[in-house]
Amino acid sequence: MTVATSRHPAAVHPEPAGVDNRLVVGGAALTWRSLPTPTLADPAAVLAHSAVHALTAARQHAVHGTELLLSTASRVDEAMRTELLEAGFTVSVLDDDGVHPSAPARPRAAEPGRLWLLTSGSTGRPKRVGHTLDTLTTVRADQPDRTWLCPYAPGTYAWWQVVTLSLTQPGQHLVVVEPDELDDWPSVATAHGVDAASGTPTFWRRTLYRDADALARVPLRQITLGGEPVDQAILDQLREVFPAARISWIYASSEVGASIVVHDGRAGFPVDWLDRETPGRPTLSVRDDELVVTSPYHGAGLAGPIRTGDRVQVLDGRVLITGRLDSDEINVGGSKVSAGVVRGVLAGHPAVAWARVTGRRAPVLGRMVVAEVVLAPADPASADAGVPDEAALVRWCADRLPEHAVPRRIRVLTDIPVKETLKSDV
């Protein structure tokens, strides 16, 4: 890779503590120290061509404090590019040939140390949320040596969580997979000694669906899930494959940072965590079925209680996050249905690998519940290896849900859909 080396400004920070951690990207073994530092205008919006280019931009920021928004070109359309230019960013494509900048019409002074994240856009058009390396670094206690898999799109909150862990903690090595390696990531992980991996529930479901045997060969000691609602079914499936691993689910967002970490193998978090105030830790509350978080790791300008837009349900002493408030609730003839609860019931069927539940217009009722599912490959050794049809799945739901919540239509898909963010709009 040919990348110009930056002129060192006066404000050069010490090398991060993880500078000698091993990086594997594109099949090449590197370290943070061996990465080049590109010349970036300040402030910079960097559109990385590949994972290694994203890592060089991250190291450049860690060393020089350049105001930085990092993303991939596919996540930034022309309207967003124009918006970034109007906000005073130099928008630069970073690839093997170097830095290709587009300067703003009205440059502005940079804010040293500022990092910007683009939200996932689940509530509409992506927006910018300001952070620093410090607010993104939420793992601060000493960790056992790990080799982490990083499957996330560069510049997302989840990507920064894994990257800052490797930057700031010695012994936290990193194996980065590109989008075209995702379907075969277990073999990449096994080859490079990965023993810890972070991914969305969709990421884990797709891997189990495509090649559970290959996944089982990865010597995982730490499994982390986040980015989407985490139901009991996926936790149980991972526990079956990795009985000795620590399985954690994390609730985090660009706005409030990493706010909930659960290691007990159960979906949701204990209800007695609500309204518990502990110095230096987020405070969790529920208002009108919405999760509200007050966090020391919040984005810039977002102090105080922040309404997350995520719907919660309290059940059996646990607070379950079921989905987005604006899409999770389905009104069926005046009765409220949680799409997340119905999805959890479908996902609990042993033959269902993935499910999505939505509402559809219907006469008389106004809305009715419908679903899409992907069926798990049949186990020929199982006595119950038959493939369920739509009627069988409806009966499964009818035995576990009130009548108005039972899906009226269930469509079978051939593969689990996934976006660049590793989510699938569940």
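The model shown is predicted, which means the values in this text are computed figures rather than measured ones.

Chemist: Teacher, can you tell me more about the overall build of the protein chain here?
Modeler: Within the protein chain, the regular secondary structure consists of 10 helices and 24 strands. The globule rule puts the C-alpha radius of gyration for 426 residues at 22 Å, and the 22 Å found for the protein chain is close to it. Taken along the three principal axes of its C-alpha coordinates, the protein chain extends 65 × 45 × 45 Å. Across the 426 residues of the protein chain, 51% fall into the buried class. The contacts in the protein chain between residues at least 6 apart in sequence include a share of 62% that link residues at least 24 apart. Here the protein chain displays about 18,900 Å² of accessible surface, and carbon together with sulfur accounts for 52% of that area. Charge centroids of the protein chain, computed over 42 positive and 50 negative side chains, lie 3 Å from each other.

Chemist: Would you take a moment to explain the side chain of S424 for this structure?
Modeler: As for its placement among the helices and strands, S424 is situated in the segment after β24 (409-413). Residues within four places of S424 in sequence aside, it is in contact with T202, E228, W354, R356, P417 and V418.

Chemist: Would you mind showing me how to read the pattern of salt bridges here?
Modeler: Where charged atoms from two side chains of opposite charge come close, those side chains can pair. As enumerated under the stated definition, the model contains 21 salt bridges in all. Across the salt bridge formed by D183 and R210, the nearest N and O atoms sit 3.6 Å from each other. Here the residue D183 occupies a position in the loop between β10 (172-176) and α5 (185-191), and R210 occupies one in helix α6 (residues 201-216), the gap between them amounting to 27 residues. For D183, a relative accessible area of 48% gives the class partly exposed. When the shortest N-O distance is used, the salt bridge between R408 and E403 registers 2.4 Å. E403 sits in the exposed class, given a relative accessible area of 58%. Where salt bridges share partners, they join D183, R206, R210 and D415 into one cluster.

Chemist: Please explain the confidence of the model for the protein chain as it appears in this structure.
Modeler: Close reading of the predicted structure is inappropriate where its pLDDT is low. Here the protein chain shows a mean pLDDT of 91. Residues at 70 or above account for 94%. Taken together, the stretch residues 1-10 has pLDDT below 50 and engages in 28 contacts with residues farther than four places along the chain or on a different chain.

Chemist: Would you take a moment to explain the packing of aromatic side chains for this structure?
Modeler: Any two aromatic rings considered together are summarised by their centre-to-centre distance and by the angle between their planes. Applying the stated rule across the entire model yields 5 aromatic pairs. With a centroid separation of 5.0 Å and an interplanar angle of 85°, the aromatic rings of W159 and W160 are classed as edge-to-face. The buried category is assigned to W159, whose relative accessible area is 1%. Looking at W160, the relative accessible area reads 1%, which means it is buried. Between F269 and W273, the aromatic rings sit 6.0 Å apart at their centres with planes inclined by 20°, giving stacked as the arrangement. Taken together through their ring pairs, the aromatic side chains of W185, F203 and W204 make up a single cluster. A cation over an aromatic ring shows up here: R108 above the ring of F89, its NZ or CZ 5.0 Å from the ring centre. A cation over an aromatic ring shows up here: R114 above the ring of W116, its NZ or CZ 5.9 Å from the ring centre.

Cut-off values and rules
Residues numbered from 1 in each chain as written. Predicted model: local features only at pLDDT ≥ 70, side-chain atom pairs only at ≥ 80, totals over all residues. Heavy atoms only, no water. Helix = DSSP H or I, 4+ residues; strand = E, 2+ residues; numbered from the N terminus. Rg over C-alpha atoms; globule rule 2.2 N^0.38 Å. Buried < 20%, exposed > 50% of the residue type's maximum accessible area, 1.4 Å probe, protein only. Contact = heavy atoms within 4.5 Å. Areas by Shrake-Rupley, 256 points an atom, 1.4 Å probe, with all protein chains shown as cover. Lys, Arg positive; Asp, Glu negative; His and termini not counted. Charge placed at Lys NZ, Arg CZ, Asp CG, Glu CD. Salt bridge = Lys/Arg side-chain N within 4 Å of Asp/Glu carboxyl O. pLDDT = per-residue confidence, 0-100. Phe/Tyr/Trp six-rings, centres within 6.5 Å; stacked < 30°, edge-to-face > 60°. Lys NZ or Arg CZ within 6 Å of the ring centre and 35° of its normal.

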